[in-house]
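# Architecture at a glance
So you can see what is in the structure, the chains are spelled out below.
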Amino acid sequence: MPNNLGTSERPLRVAVVGSGPSGFYAAEALLHGEMAVTVDMFDRLPTPFGLVRYGVAPDHPKIKNVIKIYEKIAENPQFSFFGNVTIGKDISVSELRVFYDAVLFACGAETDKKLGIPGEDLPNSHAATEFVAWYNGHPDFLGRKFDLLQEIACVVGQGNVAMDVSRILCKTADELKKTDIAQHALEVLAQSKIKEVHLIGRRGPAQAAFTPPEIREFGELADCDPVLNPKDLELNPESQQELAEPANAPKKKNFEILKEFASRTALSKQRKFFIHFFKSPVEIQGSGRIQNIKLEINKLNGPAGKQKAEGTGQFDELPCGLLFRSVGYRGVAIEGVPFDEKKGVFSNQGGRIVDNNTVVPGLYATGWIKRGPSGIIGTNKPDSTETVGKLFEDVPKLTVCSKPDTQAVIAFLKKKKVCFVTFADWKKIDAVEIARGTALGKPREKFVRVEQMLKAIQ
Ligand code: NAP
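Given the structure is predicted, the values throughout are model-derived calculations rather than measurements. (Residues numbered from 1 in each chain as written. Predicted model: local features only at pLDDT ≥ 70, side-chain atom pairs only at ≥ 80, totals over all residues. Heavy atoms only, no water.)

### Topic: helix 10 (residues 237-244)
Let me state the cut-off plainly: Working definition: with a 1.4 Å probe on protein chains only, accessible area under 20% of the residue-type maximum means buried, over 50% means exposed, and in between means partly exposed. Helix and strand definitions here come from DSSP, where helices need a minimum of 4 consecutive H or I residues and strands a minimum of 2 consecutive E residues; each element is numbered from the N-terminal end. Throughout, the arc means the angular range of directions from the helix axis out to the C-beta atoms. Pairs of residues are marked as contacts when any of their non-hydrogen atoms sit within 4.5 Å.
Residues S239, E242 and L243 constitute the buried set of helix 10. The arc that holds the buried residues of helix 10, viewed along the axis, is 95°, so those residues lie on one side. More than 90 degrees from the buried face of helix 10, the exposed residues found are P237 and A244. Contacts made by the buried residues of helix 10 are with helix 11 (249-262) and strand 12 (292-301).

Here is the structure:
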């Protein structure tokens, strides 16, 4: 017999795990969909917005304007926020299913991919994602130390995360001090001795993953010149063919910007941003900390659109005191949810969680934990709409949860002494952070400790 889920007598109850862009777009699609739905959103941090708060670069404030849309979604009376609740620790997936008819994971990709080369774990070799989280004031990364007293830093990978990290290293403290960068990071960056930042790409300028606004900024920095070898801009026929494709207009724009950089002669600024192509790190060398990177020179191999980097057996060396790998993110498994180790995502088909190709009823995924770490914030909207569409299709077959009551969830968390944070509580934290920022001439000064956040609510 079909259930009555999604009716006004018995709204469908969905737990959304994760409060970043994909979580909020999923909540929006659920609440504005074809049936009555109640959404409870969980986040392990007291603060919502995930990567918008802890991933978007502090000097790119306009990107954070999407928060206004998420705040509107959170105003819906059928929406509740439970911050400071870790799924798998404070409440398990099977416990969630007592209170919700469906659980939708939007928990992003919390860790990074490694290079898998010797020396990668030497001191001063870091994941770019850790540096990003540190300068954005993520509580888990407060204690991290980054040795900015080195003069030469390398960033491996040429995506927009690599660009963010490089730009923060290349900017002066004056350029950063009016942003919402965490004060502890600003203080360390203000003492930086970095003179050279080297961006290392394994393929060529026509394949670089960064986007035109991001590369263009390196030509406009206060005290840093972009530098590249004009020989790297000599394209093979396949790359020329790639750039002629209308779909590759942004890559063509990248190429034009790089050409303009290569034509610059008056390089008088203190710092230099070297852009390398066709090089793969094969070994990180050093004693006590990294001192040198061994790079293999690559050539491109394969047809247009599918060219891969292939080692030539020729090598180069680069002295380097600090290294950030920025070669992509990976999701982290949660107990009770099938995980695809190869892809670093929850095993899913179009957002339905599957176990060995069999759908696990009532479990869904969206965003980076569904498709992997790709796309911009807006990419998550159609992605979440797809997952919610599948969820709505499945409603007649869903197992009805036994305690369909948000008050029962609150009682459960209180019994376990979980100090959860509501959206109204978050707005209190938000107001105090903005006031702290105003005092420093910044848009916000984030709390970097969970205890400080909880105290601000009281
Ligand atoms: P990404 O765009 O996928 O870039 C990954 C980079 O790592 C590529 O250059 C890739 O080269 C390289 N790479 C991968 N494996 C490698 C290896 N073993 N050795 C050397 N290089 C390797 O990833 P991301 O930078 O982490 O960004 C994730 C997503 O967030 C992207 O969609 C990005 O656009 C988005 N994002 C956007 C912004 C913004 O809009 N401002 C800011 C940050 C992030 P190949 O191309 O050769 O694979």
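Having seen the model, we can carry on.
### Notes on the site of the ligand
We count it as follows: Distances are taken per atom, and a residue is near a molecule or strand as soon as one of its heavy atoms is within 4 Å of it. Each polar contact in these results corresponds to two N or O atoms within 3.5 Å; when the atoms are within protein, one needs to be able to donate a hydrogen and the other to accept it, and residues that are neighboring in sequence are counted only if both atoms are side-chain atoms. A 1.4 Å probe and the Shrake-Rupley method give the accessible areas. Residues count as covered only by the protein chains that appear here. For this classification, Asp, Glu, Lys and Arg are treated as charged, while Ala, Val, Leu, Ile, Met, Phe, Trp, Tyr, Cys and Pro are nonpolar and the rest, including Gly, are polar.
Close to the ligand lie 19 residues; Q158, R202, R203, E214 and G375 are nearest. Here an oxygen atom of the ligand sits 3.3 Å away from a polar atom, N or O, in the main chain of N160. The separation between an oxygen atom of the ligand and a polar side-chain atom of R202 is 2.8 Å. Coverage of the ligand by the protein amounts to 76% of the 920 Å² it exposes when considered alone. Residue contributions to the shell around the ligand peak at 3 residues, all from helix 6 (residues 160-170). Here the residues of the shell around the ligand are counted per class, giving 7 nonpolar, 8 polar and 4 charged.

### A word on the packing of helix 15 (residues 423-440) against helix 16 (residues 450-457)
The criterion, for reference: Axis definition: a line fit to C-alpha positions, over the contact stretch in the case of helices; interaxial angles, taken between N-to-C directions, run 0 to 180 degrees. When describing relative orientation, an angle under 35 degrees is termed roughly parallel and one over 145 degrees roughly antiparallel, while 65 to 115 degrees is termed roughly perpendicular and anything else oblique.
At a closest axis distance of 8 Å, the pairing of helix 15 and helix 16 adopts a crossing angle of 105°. Taken together, the axes of helix 15 and helix 16 lie roughly perpendicular to each other. Of the residues in helix 16, those touching helix 15 at D425, K428, I429 and V432 are M453, A456 and I457. Partitioning the contact of helix 15 with helix 16 into residue classes produces 5 nonpolar, no polar and 2 charged.

### Thoughts on the side chain of H138
By secondary structure assignment, the location of H138 is in the loop between helix 5 (128-135) and strand 7 (152-156). Polar side-chain contacts of H138 include one of 3.1 Å to the backbone nitrogen of D140.

### What to know about the sheet that holds strand 13 (residues 308-319)
Filter applied, for reference: The pairing criterion for strands is at least two bridges between them, as found by DSSP.
On the basis of which strands lie adjacent, the open sheet formed by 3 strands has the order 11-12-13 and antiparallel pairing. At either end of the open sheet lies a strand with only one pairing partner, and these are strand 11 (279-285) and strand 13. Neighbouring strand axes in the sheet, compared pairwise and without regard to direction, differ in orientation by 25° on average. Direction of pairing for strand 12 relative to strand 13: antiparallel, over a ladder of 9 bridges. Within strand 13, the residue paired with I293 across the bridge is L318.

### Here we look at the side chain of D180
Its place among the elements puts D180 in the loop between helix 7 (173-176) and helix 8 (183-190). Polar contacts involving the side chain of D180 include one to the side chain of K64, which spans 3.0 Å. Those residues in contact with D180, other than ones at most four positions away along the chain, are P58, K64, K442, P443, R444 and K446.

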